[in-house]
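Residue-level structural notes
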Amino acid sequence: MASLYTHQDSNIRKTWLLMGIFFLFIIGIGWAFSTAYNAPEVLYIAIIISLFMNVGSYWYSDKLVIAMTKAKPVTNESHPDFYNIVENLSITAGLPMPKVYVVEDSAPNAFATGRDKDHAAIAATTGLLSILDKTELEGVIAHELSHIGNRDILISTIAVVLAGFIAILSDMFLRMARFGGGRNNREGGRAQAIAMIIGLVFAILAPIAATMIRLALSRKREFLADASGALLTRYPEGLARALEKIGNYATPMKSASDATAHLFISNPFGPMSKGLHALFLTHPPMAERIKALREN
């Protein structure tokens, strides 16, 4: 059965793979457009941007996630029950105490973020804190601490930044193709035409690939964190009941975003997601997660 530190090495490899894929995508787009427009500076800019974003996503992605979700830091004095549960379970798990945050939102949810166990954060919504009893909240916090122990948080947090930035760069290159007039793009040239086609394919597929990577990472890790969290508290029913309450709340979060959805313990768009949100769900069905907890 999964333990708290299951798949740590695998998640580290996936982190490097994700950053490598991002680097190659941006270099590929930059090379294609620099060739098509006979402008080598475009490739140099793409290389610099790729390196900058890879380094930046490693060091600062958690701060960006906290800002995007509008989470506010809490202390033992402001939220003693919540803070003490995080502290006690961190000691039990053998993990450093993460920073603790609260998101002002009536929708019950929680997430963990950070680059490693020494630079981690856990956040819960005010709605979650208001509807769960102590054992249920312990189940949720144990789930989030399991993401930290399993080293899920680095790759998940980096995915937020890189996926979003890939979408922005792709849009920029597509606009260049539509409105830009490269210095030699009117001269024709078979090589330039082929490069432009390659660049367009990269620019169109990059955001899709980034989204699919986020989905593949998210669904499996939720089952693992559920199992690891149950082992940590030795009371699977607490997390099962918490998931039931969270799943019965149909209203989406005010700060729900496709970029950060995979970080949360439950789909922030609510269980009745529609349209593209339903097509690209980042979480397995709540009923399956509850069933797995109660059968094992």
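Everything here concerns the structure above.
Quick summary incoming for the structure in this document. (Residues numbered from 1 in each chain as written. Predicted model: local features only at pLDDT ≥ 70, side-chain atom pairs only at ≥ 80, totals over all residues. Heavy atoms only, no water.)

**Regarding the sheet that holds strand β2 (residues 99-103)**
Operational definition: At least two bridges found by DSSP between two strands is the condition for calling them paired. Helix and strand definitions here come from DSSP, where helices need a minimum of 4 consecutive H or I residues and strands a minimum of 2 consecutive E residues; each element is numbered from the N-terminal end. Contacts were defined at the residue level, with two residues in contact if any of their heavy atoms lie within 4.5 Å. Here an axis means a line fitted to C-alpha atoms, over the contact stretch when the element is a helix, while the angle between two N-to-C directions is reported on a 0 to 180 degree scale.
Spatially, β1-β2-β4-β3 is the arrangement adopted by the 4 strands of the open sheet, whose pairing is mixed. Across the chains shown, the open sheet's two edge strands, defined by having one partner strand only, are β1 (72-73) and β3 (110-114). Judged from the 5 bridges that link them, β2 and strand β4 (residues 120-125) form a sheet pairing that is parallel. By the bridge assignment for β4, Val102 is matched with Ala124. Running at roughly 140 degrees to β2, helix α3 (residues 80-93) makes contact with β2 and β4 of the sheet.

**Looking at the pattern of salt bridges**
Put simply, the rule reads: Salt bridges are identified by distance alone: a Lys or Arg side-chain nitrogen within 4 Å of an Asp or Glu carboxyl oxygen. When a residue's accessible area, from a 1.4 Å probe over protein chains only, is under 20% of the maximum for its type it is buried; when over 50% it is exposed; and in between it is partly exposed.
A full pass over the atoms with the stated rule returns 8 salt bridges. Here Lys245 and Glu136 are joined by a salt bridge, their closest N and O atoms 2.8 Å apart. You can see Lys245 sitting in helix α8 (residues 236-247) and its partner Glu136 sitting in helix α5 (residues 134-149), a full 109 residues away along the chain. Of the residues examined, Lys245 reaches a relative accessible area of 32% and is grouped as partly exposed. Judged by relative accessible area, which is 2%, Glu136 ranks as buried. For the salt bridge of Glu237 with Arg294, the shortest nitrogen-to-oxygen distance reads 2.8 Å. Of this pair, Glu237 sits in helix α8 while Arg294 sits in helix α10 (residues 286-295); the two residues are 57 residues apart in sequence, bridging distant segments of the chain. Owing to a relative accessible area of 26%, Glu237 belongs among the partly exposed residues under this scheme.

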